[in-house]
Every structure is written in C-alpha cells, then in structure tokens.
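Architecture at a glance
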Amino acid sequence: MDQIRIENLEVYAHHGVLKEENTLGQKFLVSLVLYTDTARAGRRDDLCYSVNYADVAHFVEKQMKERNYKLIEAVAEQLAEEILLEFSLVSRVCVEIRKPWAPILLPLDYVSVRIVRGWSRVCLSVGSNMGDRKENIANAVRALREDRRIRNIMESELIRTEPYGYTEQEDFLNGAVCLETIYQPAELLARIHEIEEAGHRERKIRWGPRTIDLDILLYGEERIQTEELVIPHREMHLRDFVLRPLVQIAPWAVHPVLHKTIYELFQEREDGRND
C-alpha cells in the first residue's frame, strides 16, 4: 500500500497527567503514515484522487487542541480513529505522538507512543427464528449501518434453514453480512452483543431459539482464541447455513486456518452432499 507521510508536525496542546501540563500546555510532535492508493492521483495529477496532507495536518492540530487527555496513548487512539473516519481514502494510519518536554527530570529527546489502526474486512452470520424474523434481521443490519465505525456493508439473501443442535424450535432465517470496521475484534464483539440485546436476545439454551443472532466469522486474517472470542468461527466451514449465504457476497475471502476460500469450502460441502 502506498504511503503519505507527515513527519514531526508541531502542535502546542494541553495533555498530561500533571495539572501543570493540562493548564500550561506543551509541545507535541505528531508523525503520521497514511496508507492509501496514490496510483490514480499520480497518473491523473489530480488531488481529488488522493489525500490532501495539508487538510490532514490542520485536522490533526484542531483535534489535538479540542480536547485534553491525560495520556498520549489516548491522544494517539482518538487521533487515529478520527483520521480514519474523516478521510475515506485512508485505509490504515500509523500515528506517533512524541512528547519532548516529558516531566521525568532526566535528560531525553522525547517519549512517544506509536500505534497502527485501520479498516478491517469482517464477515458476520446473522439469523433469527422468533417473532418477525425478517424484521429482526433488518433491525440488526440497520444498527450496523448507523454505526459510524462501520462502513461498506454488503448483505446476502436470506435462506430458510432447519435448527442446528437443539432441534425443538422453529426454522431459522439465516444470512451473511460483510463490512469494514475500525472496531478491534473484542470491541466488535461487544458492539454486536449490544445489538442483540436491543433485539431482545436471550441466552437460555445453547443453540436455542433467538430473536437475533450475530456471529463474527472472519476478521481479516486474524486468528484469535480466547474464552470470549474465537476467530475464525470454530465451525463455520461445517455449516451450510453459514457458507451458503456467505458465498454470495464473499466467495474469495480466505479462511486463515484452512487456507481455502469460502467458495472452495462451499463446493466441498456441496460435493460431499452429492456423493
């Protein structure tokens, strides 16, 4: 990915743990690496197809002066998020905040925090088998669309499927959603739990009936295994009600453990069913 760099932008702002830092302020040096595709701008010699670094620099100064933070970690985090939300052509950003006047009473050049944040491609499964199933799913997708940290949503068609695991319940409507987000995986999990709760989801029986069910299937190429979250989804390659809608909108997404595309995984299940 191409890069636009801004090095050591000097901003006088009021961030720090000490009262004097918040009151008197101090100098900060901000360096950015903006990851974007510059090919079209370069071929056409037209700024409309690139990121205006002057706009970014003034945006950074404004953001750093608007609010006060105790930690430069917080400054970097908020700055990265606001840049990604404001400048749509920036797919990823590296932010470094340098603090040359850090009050530690020892000689130093500076202390700094450097982070990298960006838009990640995510695939979700969505399902419902209680109440107005279509409306439940529509409401969940609407909540995703209204979230400023989520963009470029694609939806599959909905399919009717028999219940999995616990079979004494109504048939499901299942689908898939692909999107881009700046939520980190654990943050995205918390967000979809909020959407489920708003849709009156209750967790009483494993694989039991539910008004709305959202699961993270893939998060870029991430491989995560914790008590709360497993990515890629542990059984996604075994479930027809996951693969059938997902192959409609993300056939070339790659399972980072099995190293196969969704299309290949779907075809394997179809071939196995036909044997």
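These remarks concern the structure in this document. (Residues numbered from 1 in each chain as written. Predicted model: local features only at pLDDT ≥ 70, side-chain atom pairs only at ≥ 80, totals over all residues. Heavy atoms only, no water.)

**Observations regarding the packing of aromatic side chains**
Counted by the stated rule, this structure contains 3 aromatic pairs. Relative to Trp 101, the ring of Tyr 12 lies with its centre 6.5 Å away and its plane at 70°, an arrangement referred to as edge-to-face. With a gap of 89 residues between them, Tyr 12 in strand S1 (residues 2-13) and Trp 101 in the loop between strand S3 (92-99) and strand S4 (111-118) connect regions that are remote in the sequence. Residue classification places Tyr 12 among the partly exposed residues on the basis of a relative accessible area of 40%. With a relative accessible area of 46%, Trp 101 lands in the partly exposed category. On the numbers, 5.5 Å between centres and 90° between planes, the contact of Phe 59 with Phe 87 is edge-to-face. Linking Phe 59 in helix H3 (residues 53-66) with Phe 87 in the loop between helix H4 (72-86) and S3, this pair joins segments that are 28 residues apart in sequence. A relative accessible area of 13% means that Phe 59 is categorised as buried. With a relative accessible area of 14%, Phe 87 lands in the buried category. The residue whose ring lies beneath Arg 92 is Tyr 35, and the NZ or CZ to ring-centre distance is 4.1 Å. In this structure, Arg 151 is placed above the aromatic ring of Trp 119, and the distance from its NZ or CZ to the ring centre is 4.1 Å. (Phe/Tyr/Trp six-rings, centres within 6.5 Å; stacked < 30°, edge-to-face > 60°. Helix = DSSP H or I, 4+ residues; strand = E, 2+ residues; numbered from the N terminus. Buried < 20%, exposed > 50% of the residue type's maximum accessible area, 1.4 Å probe, protein only. Lys NZ or Arg CZ within 6 Å of the ring centre and 35° of its normal.)

**Section: the nonpolar core**
Within the largest apolar cluster, 30 residues are counted, with the highest numbers of intra-cluster contacts made by Leu 32, Leu 34, Ile 83, Val 95 and Ile 97. Among the elements of the structure, S1, strand S2 (26-36), H3, H4, S3 and S4 are those that each provide at least two residues to this core. Looking at which element gives the most residues to this core, the answer is H4, with 7 residues. Look past the residues within four positions of Leu 34 in its chain and what remains in contact with it is Asp 2, Gln 3, Ile 4, Val 51, Val 56, Ile 83, Val 90, Arg 92 and Val 93. Counting 25 residues, the second-largest nonpolar core is a separate cluster that includes Ala 140, Leu 179, Ile 192 and Tyr 219. (Core = buried A, V, L, I, M, F, W, Y, C linked by side-chain atoms within 4.5 Å. Contact = heavy atoms within 4.5 Å.)

**Overview of the pattern of salt bridges**
A side chain with one charge may pair with a side chain of the opposite charge, provided their charged atoms come close. Here the structure, examined in full by the defined rule, presents 18 salt bridges. Put simply, Glu 82 and Arg 148 hold a salt bridge, and the shortest N to O gap is 3.5 Å. Of the two residues, Glu 82 is situated in helix H4 and Arg 148 in the loop between helix H5 (133-145) and strand S6 (150-155); the sequence distance between them amounts to 66 residues. Accessibility expressed as a relative area gives 46% for Arg 148, which makes it partly exposed. (Salt bridge = Lys/Arg side-chain N within 4 Å of Asp/Glu carboxyl O.)

**Thoughts on the environment of Ala 250**
Looking at where Ala 250 falls in the secondary structure, it is placed in the loop between helix H7 (240-249) and strand S12 (254-255). Aside from chain neighbours lying at most four places away, what touches Ala 250 is Cys 123, Cys 178 and Ile 262.

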